[in-house]
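So you can see what is in the structure, the chains are spelled out below.
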Amino acid sequence: MSKRVLTTESGAPVADNQNSATAGVGGPLLLQDQHLLEKLARFNRERIPERVVHARGSGAYGYFEVTDDVTAWTRADFLSAVGRRTETFLRFSTVADSLGGADAVRDPRGFALKFYTEEGNYDLVGNNTPVFFIKDPIKFPDFIHSQKRDPFTGRQEPDNVWDFWAHAPEATHQVTWLMGDRGIPASYRHMNGYGSHTYQWTNAAGEAFFVKYHFKTNQGIRSLSAEQAAELVGEDATSHQTDLLQAIERGVNPSWTLYVQVMPAAEAADYRFNPFDLTKVWPHADYPLQRVGRLVLDRNPDNVFAEVEQAAFSPNNFVPGIGPSPDKMLQGRLFAYADAHRYRLGVNHTQLPVNAPKAVPGGADNYGRDGFMATRNGSRHDRNYEPNSFAGPAQTDSALAAPLEVRGWTGTHPAPGHAKDDDFFQAGELYRLMSEEEKRRLVANIAGGLSQVTRDDIVEKNLAHFHAADADYGRRVEEAVRALRED
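Residues numbered from 1 in each chain as written. Predicted model: local features only at pLDDT ≥ 70, side-chain atom pairs only at ≥ 80, totals over all residues. Heavy atoms only, no water.

A closer look at the UniProt feature "domain: Catalase core" (unreviewed entry) in the protein
Here is step 1: Residues annotated by UniProt as "domain: Catalase core" (unreviewed entry) correspond here to residues 7-394.
Here is step 2: The distance from the first to the last C-alpha atom of residues 7-394 is 43 Å, and the span holds 21% helix and 19% strand. (UniProt positions renumbered as here; feature names shortened; annotations may be inferred. Helix = DSSP H or I, 4+ residues; strand = E, 2+ residues; numbered from the N terminus.)

Right, dumping it as structure tokens:
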């Protein structure tokens, strides 16, 4: 078997990869050493900007298999028949920390799933919690700034974290999730995933439904206490990456069962909660879970940078039969996610193998041209405008989803109120569902962070939120915070 020849970027063979060219033995380096300069220049450019959020991630390939008939609600082709399989790529992540952060920390987990369907890629971007801290995207940059490293101290500051939450009462529900037992998953395999947002499904008859996605782990829920997590971070900061990689390499393929909640579109206006509010859930008693299928991960990426770091997900990647809802946070993300990838990876990031649609031979068929790293620019026979007379791709005249009726005056309106639309009711309901031991751990987790805040007014504002959610909840948190601050 002949040896492979090491080459430069231009393909020329490399004579010596161990010694730089010098002016005589022991002399200074020569500017003419093209191989040395090329290696150093390339090395300086190996890193791309990390994601502002969800920077620390892991991923794997797999498939989604339909197990139940859902054609009454959606005409999406990949969901059209029981037994239908679609290739997928799933990226897990922590939210707040940098690319070098640890896995076993108290933080929401990203759950971003790409379906390589025959009608194009469908991206479902969610978390391991069914709700989020805010309901309007105009607050998202401020929220993330409050959770990231402080510009002066260079560390996450409790004053910043809790000050933002003090001024965002709608965060109380998600804070209760985050500080509870599921706040630190034991692994990516042992947590649920949620679409979190509300989406629209449309059936073949044109009827519209609003849906929420629930991926229930088939491995069972397993979480870590704060003490267990701190010990694990010290042993292996990449614990969740290690666990996912090794499980799949052993053939222990993790799986999730997908359920949806389905709301006829006509019921949205009068529902007791705003169904498009990301800080709210739909109680299962109102809209029971309907099983859809099974997600299985069975193949690790060969290159983490190429396939995990460069994986790009955008919630505006829909397929026929699935579309957006008036969820404000979703509407903001329809722009923000795709724009983030254009900044990080370039305008042609969809041509990378992990992002390229498999539905069309050779990749997406449109009139996008040029830009950095363009690999699919067409030939002399192709035109870069539309309409044209040269057999270029044309529109279908078939909308992906049903139209949404809109009316009223433009302006910066708060979300419309529904019967139960306060910021605390569902947080209280979640608290009251917990066992006594779960409540004890929740209170201890909240008090551990809130007691570190230096300003009394910030502490009092947050305590008021827990009192509003449930009297016992507020009392216990207040007593625990007072005890820790007096020590």
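Some remarks on the nonpolar core
Here is step 1: In this structure, F133, W162 and W165 are the most contacted members of the largest nonpolar core, which totals 40 residues.
Here is step 2: At the level of elements, helix 2 (140-147), helix 3 (158-166), helix 4 (172-179), helix 9 (425-433), helix 10 (436-450), helix 11 (456-469) and helix 12 (471-486) are the ones that each hand at least two residues to this core.
Here is step 3: Each residue touching W162, except ones within four places of it in the same chain, is listed here: V175, M179, I446, G449, L450, V453, I458, N462 and F466.
Here is step 4: Formed by 37 residues, the second largest nonpolar core is a distinct cluster that contains F111, Y199, L244 and L297. (Core = buried A, V, L, I, M, F, W, Y, C linked by side-chain atoms within 4.5 Å. Buried < 20%, exposed > 50% of the residue type's maximum accessible area, 1.4 Å probe, protein only. Contact = heavy atoms within 4.5 Å.)

A closer look at the pattern of salt bridges
Here is step 1: This structure, assessed with the given rule, holds 34 salt bridges.
Here is step 2: Note that D123 is salt-bridged to K114, the shortest N-O span being 3.0 Å.
Here is step 3: D123 sits in the buried class, given a relative accessible area of 0%.
Here is step 4: In this structure K114 comes out as buried when scored by relative accessible area, which is 1%.
Here is step 5: A salt bridge links R189 to D243, with the nearest nitrogen and oxygen atoms 2.7 Å apart. Here R189 is found in the loop between helix 4 and strand 5 (193-194), whereas its partner D243 is found in helix 6 (residues 239-249), with 54 residues between them in sequence.
Here is step 6: With relative accessibility at 10%, the residue R189 sits in the buried group. (Salt bridge = Lys/Arg side-chain N within 4 Å of Asp/Glu carboxyl O.)

Observations regarding the packing of helix 2 against helix 3
Here is step 1: Closest axis-to-axis distance for the helix 2/helix 3 pair is 7 Å, and the angle between their directions is 150 degrees. Between helix 2 and helix 3, the residues in contact are D142, F143, S146 and Q147 and N160, V161, F164 and W165, respectively.
Here is step 2: Taken together, the residues that form the contact of helix 2 with helix 3 break down as four nonpolar, three polar and one charged. (Axes fitted to C-alpha atoms, helices over the stretch in contact; angles between N-to-C directions. Nonpolar A, V, L, I, M, F, W, Y, C, P; charged D, E, K, R; others polar.)

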